[in-house]
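Commentary on secondary and tertiary structure
If you want the building blocks of each chain, they are given just below.
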Number of protein chains: 2
Amino acid sequence: MKSTAVPTLDMVAARAGVGRGTVSRVVNRSAHVSERTRQLVNQAIAELGYIPNQAARTLVTRRTDTVALVISESAERLWGEPYFAGVIRGISRELDASGLRLMLTMASTRTDRENLEPYLLGKHVDGALLMSLHGDDCMPARLQGSGLPVVLCGAPAGALEVPYVDSDNFDGARQAIQHLIDNGRRRIATVCGPQDMAAGRDRLRGYRETLREAGYDEDPTLVADGDFSEAGGLTAMRRLLETTPDLDAVFAASDPMAFGALRALREHGRTVPDDVAVIGFDDSTLAAHTDPPLSTVHQPVETMGEEMARRLVALIRGEETGPSRTILPTRLVLRHSA
Amino acid sequence: MKSTAVPTLDMVAARAGVGRGTVSRVVNRSAHVSERTRQLVNQAIAELGYIPNQAARTLVTRRTDTVALVISESAERLWGEPYFAGVIRGISRELDASGLRLMLTMASTRTDRENLEPYLLGKHVDGALLMSLHGDDCMPARLQGSGLPVVLCGAPAGALEVPYVDSDNFDGARQAIQHLIDNGRRRIATVCGPQDMAAGRDRLRGYRETLREAGYDEDPTLVADGDFSEAGGLTAMRRLLETTPDLDAVFAASDPMAFGALRALREHGRTVPDDVAVIGFDDSTLAAHTDPPLSTVHQPVETMGEEMARRLVALIRGEETGPSRTILPTRLVLRHSA
């Protein structure tokens, strides 16, 4: 997109070898310019594609006071999981306060995201917030490389130097597992999140390291893959109950997966927490209303949203340079499932 | 917006008094142009503000393949009421199929909407879908008047000539009231929706006309105002139970208001449906899970979304002119509350 960078008056002045004021006078058809200078400036204007018409230029260059929120999930997930609503509430609140508008778009496939890039770089928005990125998605780096302010929700995969806001996933998982250990659970399973997302990886790492430090043997049959969704949690828990029926606790790396796990346990006639303790991650509104009410790791989703918006506004206004990272604390909320 | 019309190559040719091909040759720095002609063309380019750089010009003129969905509600309502999720699912599905992108934005105040207009008219989107408009909002007319394709969800207030998609609110209410009459209910109340929205007005009209045709006396103490929200339904039902304790049925003009009404009835020790029959409007996913399961008027929300998107795409592609109106049928779904 480098080629679409909008030429500035300074660029015209440099190419024509004249001062800024001279370019202005030519553009404004002032009489106090020699014919030779006028020709030089007009030549530079035409060659660079500079847009002297104020209205047209405004169209191309002005701030839109609009920020895109790109969510790499389907509408189904977006409305089904209160996590998203929480983050978006926080984002909306902070942008409102800053006089910026939020445009939300879903881009669940790689093709969707690729098609979206030219739009985001086409001066339709002043910056972008990206949520729910998977794996080696290069969109954040490409957008940032093209000069668009970008802030991510969640640490990026790999060594990407893009600002992000996240909650302390590792420590949240550590608290959950420590609680299960302290309560005498011996066979602690986990339904983990997608391993191409930092949230999935960090929560699994918290599970593994805490167990190892407590002297537990590593047992791969206690780890089942999930995708953060309720359906994924249900399937994973059913699998765990078949392969490792002696488990006495499960840490689900998201609340929806914990809801699915509770259902699978009920199907198999296991009582919670007596037979199997369950801990989720999110502390979503539904967590207090499950049967039994779900113990879960609270992450401050609205604050995450606010912080993302705050960082992006600072970048747009040029008040901040370089990639910041903000990690917000998590805490274990005990209800009745563990 | 007329002043920002992007100058064309033909306009440059006309002003310079040369042919299109000559302008192209100058722009492409072909050698086969005399110095004098080059100067004339460059002068015309600069004066008109023509953008010879292809990428920059594309930036200004091309279709964005993007459609805005403007929802005149808060994020709270948007995520709290499944009605919105349903319509949006339908819109997304149809736009996906047409290769268009959806950008969703909330504009809950008049100021939000006024600030949004220049953006919508600033070539950032190809068209707009508007949901949850209230009263004498002139945004649809102004957008359409400025040449932006627009389709509304719900009939507009007044005599606005803007295409819209709606469900048959009047007939849905009629079916609900007729069912209550047929089951011997004598004191039928309603918690009605906002009267500055067609959905609110048409459902109240269905209630009134059906009762009148059945020979019931009109009783204003049986009508309480709501705002389609659960909190509104709770407050309105409490008020009805105080002013008109002999009511034996209530038609709530939205499911969330029916959920609020069920809560108020429980507070007052009234059993549903024995003491008081309750019918809602929407047939949202939660309706099957209330205690008792809610009888309600089904409206095809996803189909409404699809139809809105289909109409808008036709307008954008110039396949349709003039305001269409699509009214989709509603039907009463009987569960246990009535």
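All values reported here derive from a predicted model rather than from experimental measurement.

Time to look at the confidence of the model for chain A. Confidence in the prediction for chain A averages 89 pLDDT; 94% of positions are at 70 or higher. Quick note on the complex model: pTM equals 0.75, ipTM equals 0.70.

This brings us to the sheet that holds strand S6 (residues 188–192) of chain A. Residues and elements named next belong to chain A. Strand order in the open sheet formed by six strands is S7-S6-S8-S9-S10-S12, and the pairing between neighbours is mixed. What marks the edges here is a single partner per strand, and that holds for strand S7 (223–225) and strand S12 (331–333). When strand polarity is set aside, the average angle formed by the axes of neighbouring strands in this sheet is 20 degrees. Taken together, the three bridges between strand S10 (residues 295–298) and S12 define a ladder with antiparallel strand orientation. The residue of S12 that forms the bridge with His 298 is Arg 331. Sheet strands touched by helix H11 (residues 230–243): S6, S7 and strand S8 (249–252). Its angle to S7, the strand with the most contacts, is close to 145 degrees.

Take the pattern of salt bridges next. Evaluation of the coordinates by the stated rule reveals 44 salt bridges over all chains. Arg 142 of chain A is the salt-bridge partner of Glu 117 of chain A, the closest N and O atoms lying 2.5 Å from each other. Here Glu 117 of chain A is found in helix H7 (residues 110–120), whereas its partner Arg 142 of chain A is found in helix H8 (residues 139–145), with 25 residues between them in sequence. A salt bridge links Asp 283 of chain B to Arg 335 of chain B; the shortest N-O distance between them is 2.9 Å. Of this pair, Asp 283 of chain B sits in the loop between strand S9 (277–282) and strand S10 (295–298) while Arg 335 of chain B is found in the segment after strand S12 (331–333), placing the two residues 52 residues apart along the sequence. The exposure class assigned to Arg 335 of chain B is partly exposed, which follows from its relative accessible area of 25%.

This part covers the pairing of strand S4 (residues 150–153) of chain A. Residue and element names in this part refer to chain A. The side-chain alternation of S4 yields two buried faces, one formed by Val 150 and Leu 152 and the other by Val 151 and Cys 153. As paired strands, strand S3 (residues 127–131) and S4 are joined by four bridges and run parallel to one another. Of the residues in S4, the one forming a bridge with Leu 130 is Leu 152. The parallel pair S3 and S4 is bridged by H8, and the resulting crossover is right-handed.

The next subject is the pairing of strand S1 (residues 66–71) of chain B. All names here are of chain B. Burial analysis of S1 places six of its six residues in the buried class, the great majority of the element. With burial as the criterion, each face of S1 is covered, one bearing Thr 66, Ala 68 and Val 70 and the other bearing Val 67, Leu 69 and Ile 71. Relative to strand S2 (residues 101–106), S1 runs parallel, the two sharing six bridges. By the bridge assignment for S2, Ile 71 is matched with Met 106.

The subject of this paragraph is the sheet that holds strand S8 (residues 249–252) of chain B. Residues and elements named next belong to chain B. Sheet architecture is open: six strands sit in the order S7-S6-S8-S9-S10-S12, paired in mixed fashion. Looking along the sheet, the strands with just one partner apiece sit at the ends: strand S7 (223–225) and S12. The mean inter-strand angle of the sheet, taken between neighbouring strand axes irrespective of direction, is 20 degrees. Here helix H9 (residues 169–182) sits on the sheet and contacts strand S6 (188–192), S8, S9, S10 and S12; the angle it forms with S9, its principal contact strand, is near 165 degrees.

Time to look at the environment of Phe 84 of chain B. Residues and elements named next belong to chain B. Here Phe 84 lies in helix H6 (residues 82–97). Residue Phe 84 is classed as buried on the basis of its relative accessible area of 2%. Residues Phe 84 and Gly 305, spaced 221 residues apart in sequence, show a C-alpha to C-alpha distance of 9.4 Å.

A word on unusual backbone geometry. Backbone torsion omega between Asp 291 of chain A and Pro 292 of chain A reads -5 degrees, so that peptide bond is classified as cis. Secondary-structure assignment places Pro 292 of chain A in the loop between strand S9 (277–282) and S10. Note that the residue after Val 272 of chain B, namely Pro 273 of chain B, is joined by a cis bond; omega there is 5 degrees. Mapping Pro 273 of chain B onto the fold places it in the loop between helix H12 (255–267) and S9. Even without glycine at this site, Asp 65 of chain B takes up a positive phi of about 55 degrees. Relative to the helices and strands, Asp 65 of chain B resides in the loop between helix H4 (54–61) and S1. The class of Asp 65 of chain B is partly exposed, set by a relative accessible area of 38%. Unusually for a residue other than glycine, Phe 228 of chain B sits at a positive phi of about 75 degrees. Along the chain, the position of Phe 228 of chain B falls in the loop between S7 and helix H11 (230–243).

The next subject is the side chain of Thr 296 of chain A. Residue and element names in this part refer to chain A. Along the chain, the position of Thr 296 falls in strand S10. For Thr 296, a relative accessible area of 0% corresponds to the buried category. Here the side chain of Thr 296 touches Asp 255 through a polar contact of 2.7 Å, side chain to side chain. Ignoring sequence-local partners within four residues, the contact set of Thr 296 consists of Asp 255, Ile 279, Gly 280, Phe 281, Asp 282, Asp 283, Ala 287, Arg 331, Leu 332, Val 333 and Arg 335.

On to the state of the cysteines. Tallying each qualifying case throughout the model produces zero disulfides over all chains. Free cysteine Cys 192 of chain A: the closest other cysteine sulfur is in Cys 153 of chain A, separated by 20 Å. The exposure class assigned to Cys 192 of chain A is buried, which follows from its relative accessible area of 1%. Cysteine Cys 153 of chain B remains unbridged, with the sulfur of Cys 138 of chain B as its closest cysteine sulfur at 19 Å.

Aromatic ring pairs are defined here through the distance separating the ring centres and the angle between the ring planes. Applying the stated criterion across every chain, the model contains five aromatic pairs over all chains. When the ring of Trp 79 of chain A is compared with that of Trp 79 of chain B, the centres are 4.6 Å apart and the planes differ by 5 degrees; the resulting orientation is stacked. Of the two residues, Trp 79 of chain A sits in helix H5 (residues 75–80) while Trp 79 of chain B sits in helix H5 (residues 75–80), which places them in two different chains. The buried category is assigned to Trp 79 of chain A, whose relative accessible area is 14%.

Looking now at helix H9 (residues 169–182) of chain A. Residue and element names in this part refer to chain A. Taking 1.5 Å of rise per residue, 14 residues should cover 20 Å, and H9 covers 20 Å from first to last C-alpha, within 8% of that figure. Looking only at H9, the buried set comprises Asn 169, Gly 172, Ala 173, Gln 175, Ala 176, Ile 177, His 179, Leu 180 and Ile 181. One or two positions beyond H9, positive phi appears at Gly 184, with a value near 80 degrees.

Residues and elements named next belong to chain B. Where H11 meets H12, the closest approach of the two axes is 7 Å, and the angle between their N-to-C directions is 45 degrees. Between H11 and H12, the crossing angle belongs to the class labelled oblique. When you trace H11 past H12, the crossing you get is right-handed. Contact residues: Glu 230, Gly 233, Leu 234, Met 237, Arg 238 and Leu 241 in H11; Pro 256, Met 257, Phe 259, Gly 260, Ala 261, Arg 263, Ala 264, Leu 265 and Glu 267 in H12. Taken together, the residues of the contact of H11 with H12 break down into nine nonpolar, two polar and four charged.

Criteria and thresholds
- Residues numbered from 1 in each chain as written.
- Chains lettered and ligands numbered in written order.
- Predicted model: local features only at pLDDT ≥ 70, side-chain atom pairs only at ≥ 80, totals over all residues.
- Heavy atoms only, no water.
- pLDDT = per-residue confidence, 0-100.
- Pairing = 2+ DSSP bridges.
- Helix = DSSP H or I, 4+ residues; strand = E, 2+ residues; numbered from the N terminus.
- Axes fitted to C-alpha atoms, helices over the stretch in contact; angles between N-to-C directions.
- Contact = heavy atoms within 4.5 Å.
- Salt bridge = Lys/Arg side-chain N within 4 Å of Asp/Glu carboxyl O.
- Buried < 20%, exposed > 50% of the residue type's maximum accessible area, 1.4 Å probe, protein only.
- Right-handed = clockwise from strand over helix to strand, strands pointing away.
- Polar contact = N/O pair within 3.5 Å; in protein donor to acceptor, adjacent residues only side chain to side chain.
- Disulfide = S-S within 2.5 Å.
- Phe/Tyr/Trp six-rings, centres within 6.5 Å; stacked < 30°, edge-to-face > 60°.
- Expected span 1.5 Å × (residues − 1).
- Parallel < 35°, antiparallel > 145°, perpendicular 65-115°, else oblique.
- Left-handed = near helix turned anticlockwise from the far one by under 90°.
- Nonpolar A, V, L, I, M, F, W, Y, C, P; charged D, E, K, R; others polar.

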